[in-house]
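Remarks on the overall topology
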Amino acid sequence: MAYNNDNAQAFRSDYRAGIHPLYNPWLHAVFVQTYGLLCIVWLWSTLESVAPWQWLLVPATLVFFSWGEYQVHKRLGHNKTRFGKLFYKRHTGDHHSFFVETLMPYETPRDWRVILFPAWLIVLFSLPTFAAWWLLSQLDGNLAGLFAGSMLLGYMTYEVVHACEHLPAGHPVSRLPWIRQMRRLHALHHRRELMRSRNFGIVHPLMDWLYGTLHWEPEPTHQQNRQQHRIRIDLPAEQVLEYAAAPCHWPEWHPSSLRIYGREGVLIAGEGFEEDIHAGGRPGHLRWDVLDYQPARRWQASARGDNGLQLLLTYECVGLEDGCEFVRTLEYGFDNGLMRLANYLLLRRRVERESLASMQALRDVLART
C-alpha cells in the first residue's frame, strides 16, 4: 500500500506524542547555531595575514563537506548498516515517515525535533574537526583555521537550508530562488520511490549532478501560489464542511463565485462541476473535479480555467471544544507567462483579499442558518 498523507499524519501524531515535554525547539536551534558560530569565530581569530589564495580553501572545504554529506546521506541514511543503524532509523524511519512529497512543511516549532540533527551532534562533529585543526596547524595555522572553520560552517549551513526546505510554502524565505529550487529537489527526494536513489544533496545539487543522481521535475503549475486562511466557527465541523463542500452554496459566501453548474449538495470524489467566476478583477470559467471528501475533516478539488489557470482547493476542519477551525488552502498558477506576470504584479493581492473576505462571509452565513 502506498504511503500517503494520511499515513504521514498518523505518524506525526504518534511521533509528537513521543517528544519529551521539556523539549524546547528554540533552545535546540539556538544552541546549534551559537555553538557553531563561537567555534568558527575562535578558529578564525587565530588567522594571521591570510594570503588571497588561502581563502580559496573555504569554498574547497565546503565542497568537501558536501561530498561527505552526500555519502553519509546516501550510504547510511538510506541503507541499513550495523554502524549507522541509529542514523538510518532517525532518517528513513522518522524523517521520511514524517515528511512525504505532498506533505513537506512542518506545522509547529516542536516538529524541528525531526528536522534538525540532535543538538549534541555538532559537539561530537567538532571534536574530529578540532583534531584536524591541531594536526594541520603543525604545517600552516591559516590553512588549519580556514579548513576547520569551513567544516563547521558547512554543518551549520546544512541545518539552516534543510530547515528552509521544510518551511510552509507561503513563508517569504520559501520564495527565494535558490531555496525554492532546493525545496523542489528535496520534495522529490521525499517521494518514496526516489528517496534511495535521487537528490541526496541538501544545500546544492553539485554532488547529485557529478554522481548522476540528480532528478528534476517542474513543480505542478498550481503550486506557483499558495494562500491559506483560517477562521473559527462556532458550529460542529461536520456541519461546516457539509455546507462548504457543496459548491451550490459558494455564490452565497465567496465573492468571486458567480454561478455553479452541477448538482446540489456535497460533492464527493469523482464528481465534477463547472463555475463562472470573477476573481482578481477578471471574469473566467472553471471546470472542477472533486478529489477527496472526508466528512467533518477534508474536501479537495482541482480545476482548470482560461489562460492556463490551474487550481487546487482544500477545505479542512479541525474540531474544537465549542466549534471548529475551518482552513481554506488555495493553490493556483498559470501556464501562460504573461498571466504569471500579471498575477505577480496585481492579481494575487486581489485574490488574497477575496479569500479573506470569503472566510468572514462563510462564518456570517453559517451563523444565520
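The structure we're discussing is the one just above.
The structure reproduced in this document is the subject of the present report.

**Some details on a nonpolar patch on the surface**
On the surface, Val63, Phe64, Trp67, Leu206, Trp209, Leu210, Tyr211 and Leu214 cluster together into a nonpolar patch covering about 790 Å² of accessible area. Mapped onto the nonpolar patch, the elements with two or more residues apiece are helix H3 (57-77) and helix H8 (206-211). The element contributing the most residues to the nonpolar patch is H8, with four residues. Checked against the element boundaries, Leu214 lands in the loop between H8 and strand S1 (225-233).

**Side note on the nonpolar core**
Note that soluble globular proteins tend to have their nonpolar side chains buried in a common cluster. If you look at the biggest cluster of nonpolar residues, it comprises 39 residues, and the most contacted ones within it are Ile233, Trp250, Trp299, Tyr315 and Phe326. In terms of residue count, the dominant contributor to this core is helix H11 (residues 337-367) (seven residues). Trp112, Leu116, Ile122 and Leu167 belong to the second largest nonpolar core, which has 34 residues in total.

**What to know about the packing of H3 against helix H6 (residues 141-164)**
Packing of H3 against H6 brings their axes to within 8 Å, and their N-to-C directions diverge by 50°. It follows from the interaxial angle that H3 and H6 lie oblique. As for how H3 packs across H6, the hand of that crossing is right-handed. Along its contact with H3, which presents Leu57, Val58, Thr61, Leu62, Phe64, Phe65 and Glu69, the element H6 presents Leu143, Leu146, Phe147, Ser150, Met151, Leu153, Gly154, Tyr155 and Tyr158. For the contact of H3 with H6, a count of residues per class yields 12 nonpolar, three polar and one charged.

**Describing the sheet that holds strand S7 (residues 323-334)**
With antiparallel pairing, seven strands are arranged side by side in an open sheet as S1-S7-S6-S5-S4-S3-S2. Lying at the two open borders of the sheet, with one neighbouring strand each, are S1 and strand S2 (257-261). Adjacent strand axes in the sheet meet at a mean angle of 20° when their direction is disregarded. Bridge analysis of strand S5 (residues 298-304) against strand S6 (residues 309-320) gives seven bridges, and the strand direction is antiparallel. Looking at the pairing, Trp299 lines up with Tyr315 of S6. Docked against the sheet, helix H9 (residues 237-244) engages S1, strand S4 (282-294), S5, S6 and S7, running at close to 160° with respect to S6. H11 contacts S1, strand S3 (272-279), S4 and S7 of the sheet and is inclined by roughly 15° relative to S1.

**A few points about the layout of surface pockets**
One number sums up the size of the second largest pocket: a volume of about 1000 Å³. In terms of lining residues, the second largest pocket is bounded by 32 residues, among which Val72, Leu76, Phe87, Phe117 and Leu121 are the most central. Those elements that provide at least two residues to the lining of the second largest pocket are H3, helix H4 (85-98), helix H5 (120-137) and H6. A total of eight residues in the lining of the second largest pocket trace back to one element, the largest contributor, which is H3. Taken together, the residues of the lining of the second largest pocket break down into 21 nonpolar, five polar and six charged.

**Structural notes on the pairing of S4**
Bridging between S3 and S4 involves eight bridges; their strand directions are antiparallel. Bridge pairing in S4 links Ala279 to Arg282. Hairpin connection from S3 to S4: two residues lie between these consecutive antiparallel strands, with Gly280 at a positive phi of about 60°. Pairing of S4 with S5, which is carried by seven bridges, proceeds in the antiparallel orientation. Each residue of the ladder has a partner; that of Arg287, found in S5, is Arg304. Here S4 folds back onto S5, and the loop between the two strands holds three residues, one of which, Ala296, carries a positive phi near 70°.

**Focus: H11**
With 31 residues, H11 extends 42 Å between its outermost C-alpha atoms, agreeing within 8% with the 45 Å of an ideal straight helix rising 1.5 Å per residue. At Asn343, H11 is bent by approximately 65°, the largest bend along its length. The residue sitting at the N-terminus of H11 and contributing the capping side-chain oxygen is Asn336; that oxygen lies 2.8 Å from the backbone nitrogen of Leu338.

What counts as what
Residues numbered from 1 in each chain as written. Predicted model: local features only at pLDDT ≥ 70, side-chain atom pairs only at ≥ 80, totals over all residues. Heavy atoms only, no water. Patch = residues over 30% accessible without salt bridge, like charges linked within 9 Å, V, L, I, M, F, W, Y side chains within 5 Å. Areas by Shrake-Rupley, 256 points an atom, 1.4 Å probe, with all protein chains shown as cover. Salt bridge = Lys/Arg side-chain N within 4 Å of Asp/Glu carboxyl O. Helix = DSSP H or I, 4+ residues; strand = E, 2+ residues; numbered from the N terminus. Core = buried A, V, L, I, M, F, W, Y, C linked by side-chain atoms within 4.5 Å. Buried < 20%, exposed > 50% of the residue type's maximum accessible area, 1.4 Å probe, protein only. Axes fitted to C-alpha atoms, helices over the stretch in contact; angles between N-to-C directions. Parallel < 35°, antiparallel > 145°, perpendicular 65-115°, else oblique. Left-handed = near helix turned anticlockwise from the far one by under 90°. Contact = heavy atoms within 4.5 Å. Nonpolar A, V, L, I, M, F, W, Y, C, P; charged D, E, K, R; others polar. Pairing = 2+ DSSP bridges. 1 Å grid on protein atoms, 1.4 Å probe; cavity = no way out; pocket = protein on both sides within 12 Å on 5 of 7 lines; lining within 4 Å. Points joined across faces, edges and corners; volume = space filled by probe spheres on them. Expected span 1.5 Å × (residues − 1). Bend = angle between axes of the 7 residues up to and from the residue. Polar contact = N/O pair within 3.5 Å; in protein donor to acceptor, adjacent residues only side chain to side chain.

By themselves, these observations are geometric and do not establish any function.
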